Amino acid sequence: MKSAIVVILLAGIWTAVTGSATLANLILGLAVGALALALVRETIPPDYSRVRPVKLILLAGLFFRELALSAIRVAILVVQPKMVLKPGIFAYPLTLTRDFEITLLANLITLTPGTLTVDVSPDHKTLYIHALDCADPAAIRRDIASGFERRIREAFPA
C-alpha cells in the first residue's frame, strides 16, 4: 500500500516537473515512478518505513518554494549591470546522521539555484557548500537548518 502511495506521489512530481498534465504523461509518470521505486527499494534501509507522508509533502512544498525564490534571486543578480557577488565555500555542520538523509539534504541544496554541495566530510558531520553569494554564510546555515534539515528530520523520524 505504501508503495502505491509513493508511486502516485512520484507520478505527481513527474507531471509537475514536465508541465504536462495529460493522461499519457501521467501514465508515463506512474511507470517511471514504479521503475524508480523498484530500483531504489533495496537500498532504502528498513527503518524508513515510518515516513510521515504529510511531513514529506511539506518538505516537497518547501523545496518548490525555495526553488522559485532562489531562481528569482539568481535572475535578479544576473541581470544587474554590476554584479556585486561574493561567491565562496563554507562548512555546514550536519545534525542529520543517516546517509539517506545527508544525501537528500545535499541534493536539495544542489538543486536550489545559487548553491551547490561540493563535498561531505569523511566522518559525515560536515557538508561543504558553494554559494553564489556567500556574503553571510551564517544566514545561509540558519536557513538550511531551519528549512531543509528540519523538514527532513520531521519526514523521516529516527
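That block above? That's the structure.
The shown structure was predicted, so the numbers you read here are calculated from the model rather than taken from an experiment.

Cut-off values and rules
Residue positions are given per chain, counting from 1 as you read along its sequence in written order. The predicted origin of the model limits local features to residues at a pLDDT of at least 70 and limits the giving and counting of side-chain atom pairs to 80 or more, whereas totals for whole chains, interfaces and linings rest on all residues. With hydrogens and water set aside, each side-chain value is computed from the structure's full complement of heavy atoms. Pairing between two strands requires that DSSP report at least two bridges joining them. Secondary structure elements are taken from DSSP: a helix is a run of H or I of four residues or more, a strand is a run of E of two residues or more, and numbering for both begins at the N terminus. Every angle, taken between N-to-C directions, lies between 0 and 180 degrees, and every axis is a line fitted to C-alpha atoms, over only the stretch in contact when it is a helix. A contact between two residues is defined here by any heavy atoms of the two lying within 4.5 Å. Here a polar contact is taken to be a pair of N or O atoms separated by no more than 3.5 Å, where protein atoms must pair a possible hydrogen donor with a possible acceptor and residues adjacent in sequence count only if both atoms sit in side chains. Only protein chains enter the accessibility calculation, which uses a 1.4 Å probe. A residue is then buried if its area is under 20% of the maximum for its type, exposed if over 50%, and partly exposed in between.

Asker: Lay out the sheet that holds strand S3 (residues 126-131) in plain terms, naming residues and giving numbers.
Answerer: Taken in spatial order, the three strands of this open sheet run S1-S3-S2, and their pairing is antiparallel. A strand with exactly one partner marks an edge of an open sheet, and here the two such strands are strand S1 (88-93) and strand S2 (115-120). Pairwise comparison of adjacent strand axes, ignoring direction, gives a mean angle of 30° for this sheet. In this sheet, S3 lies alongside S2 in antiparallel orientation, the contact comprising five bridges. Bridge pairing in S3 links aspartate 119 to tyrosine 128. Sitting on the sheet, helix H4 (residues 99-111) touches S1, S2 and S3, and the angle it makes with S2 is about 145°.

Asker: Got a sec to walk through the side chain of arginine 98? Specific residues and values, please.
Answerer: Mapping arginine 98 onto the fold places it in the loop between S1 and H4. Of note is the side chain of arginine 98, whose polar atom sits 2.6 Å from the backbone oxygen of phenylalanine 156.

Asker: Hey, could you go over the environment of valine 7 for me, with residue numbers and the actual values?
Answerer: One can find valine 7 in helix H1 (residues 2-18). A relative accessible area of 14% places valine 7 in the buried class. The spacing of valine 7 and glutamine 80 is 73 residues in sequence and 42 Å in space, taken between C-alpha atoms. Contacts of valine 7, omitting those with residues within four sequence positions, involve Leu30, Gly33, Ala34 and Leu37.

Honestly, that's just the spatial picture; any functional story needs more than this.
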